[in-house]
Amino acid sequence: MDFFYILMPISGITIFWPGLVILGFGVGVLGAFFGMGGAWMVTPGLNLLGFPMAFAIGTDIAHMAGKSLVSTLRHGKFGNVDYKLGCIMIFGTIAGFELGAQMVMWLERLGNVTVVVRWIYVALLAFITWMVFYDVYKRVQKDKANIAAGKEVDAMSTGVTWAATLHKIKIPPMVHLNVAGIYCSLWLPVFVSFMTGWLAGILGIGGGLIRMPSLIYFVGCPTHVAVGTDLFEVMISGLYGAGSYTYKGRTELVGAMIMLVGAAIGAQIGAVATKYIKGYGIRIAFGLCVVGCLISILMRLVQPYVPSLTTFLDVASTVLVLGFVSAMALYICVRMVQGAAKELAMKKARS
């Protein structure tokens, strides 16, 4: 059984390497499908496998940068990346992230950073969950109204129209975002990226969990373009973070490379799956993943109030995250295979 274990040269720990491949594959699928780096999934997974927390964060960021590069290139081939929008948002993201990091330093000096950050995380996840499923509810209501009126259901209709309202704000300069099909004030994506960067800086995550739904609901990107463009942003921030953590000696490059073996395959599957699972299918799956993450965070928050259950809740919260990763990755793989089989059958029928 020694074959399945490998020594990490920097931290000096021995790791079950097939677990790294499986974790990389699962998060590769989800990351490419949802447009996220996956720090909220990978870090606890690496910690569970035996990485000290600092090394789990650093190794996750290094893996995230490589995986996002693969995913971005794949989404670029499908025309899912609005590079112009991504480049515009970089400036707001960096400025917001620095402000968030400074606020964390300030909260640390006050001595209450952990509690504040965790409750911000809970509030944010609860808001994202409400936003996604409220949108789905509004879409269902619109479809029912069209059916009752004898009209055809519009496959391109949306539930909430916040982005359309924000597009009416004509503060110059105005910008055409051709891939996303948007004409809006330049300040809209800059402001959205600043706010998402600020929250990412406070919460210590790559920002994909926040940025992807923000691109959909506030900037107005089609879901598949929001996924691809967000991955482009995650790739840039991940490369910067990987360099920073490697310089500090907290990145296990061997572990990151092993994870990339699984992630490279998973990222291809996740990106291709967006061809067959469109719009609201992606949004609902994303909402379910956020619910899983929210429950996991709440389990950790209640630990101080039930000390007798601390160990159980700690393990249960980590297993829950990994369980969601595995189940959702399996669902996406199955749907991709079904979609590809249907596409091949249609081509054969036409020939």
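Residues numbered from 1 in each chain as written. Predicted model: local features only at pLDDT ≥ 70, side-chain atom pairs only at ≥ 80, totals over all residues. Heavy atoms only, no water.

## Quick notes on a nonpolar patch on the surface
A grouping of V302, Y305, V306, L309 and F312 is seen on the molecular surface, where their side chains present a nonpolar patch of about 500 Å² in accessible area. Of note, L309 is situated in the loop between helix 11 (279–301) and helix 12 (310–350). (Patch = residues over 30% accessible without salt bridge, like charges linked within 9 Å, V, L, I, M, F, W, Y side chains within 5 Å. Areas by Shrake-Rupley, 256 points an atom, 1.4 Å probe, with all protein chains shown as cover. Salt bridge = Lys/Arg side-chain N within 4 Å of Asp/Glu carboxyl O. Helix = DSSP H or I, 4+ residues; strand = E, 2+ residues; numbered from the N terminus.)

## Some details on the environment of W17
If you trace the backbone, W17 turns up in helix 1 (residues 17–34). Along the primary structure W17 and L49 are separated by 32 residues, whereas in three dimensions their C-alpha atoms are 9.2 Å apart. Those residues in contact with W17 that sit more than four places away from it in its chain are F3, F4, Y5, I6 and I258. (Contact = heavy atoms within 4.5 Å.)

## A closer look at the side chain of T93
Its location among the elements puts T93 in helix 4 (residues 83–110). Among residues more than four places away in sequence, those in contact with T93 are S193, F194, G197, R211 and E233.

## Some remarks on helix 1
The first and last C-alpha atoms of helix 1 sit 26 Å apart over 18 residues, in line with the 26 Å expected at 1.5 Å per residue. A large share of helix 1 lies buried, amounting to 14 of its 18 residues. (Expected span 1.5 Å × (residues − 1). Buried < 20%, exposed > 50% of the residue type's maximum accessible area, 1.4 Å probe, protein only.)

## Observations regarding the pairing of strand 4 (residues 182–185)
Sheet topology note: the strand 3 (residues 174–177)/strand 4 ladder contains 4 bridges and is antiparallel. Within strand 4, the residue paired with L177 across the bridge is I182. Remark: 4 residues form the turn of the hairpin made by strand 3 and strand 4, two consecutive strands paired antiparallel; G181 in that turn has positive phi of roughly 70°. (Pairing = 2+ DSSP bridges.)

## Some words on the pattern of salt bridges
In the structure shown here, the tally under the stated rule is 2 salt bridges. Two residues, R211 and D230, come together in a salt bridge whose shortest N-O distance is 2.4 Å. Here D230 lies in helix 9 (residues 223–247) and R211 lies in helix 8 (residues 208–219), a separation of 19 residues in the sequence. Neither R211 nor D230 differs from the other in exposure class; each is buried. When the shortest N-O distance is used, the salt bridge between R211 and E233 registers 3.9 Å.

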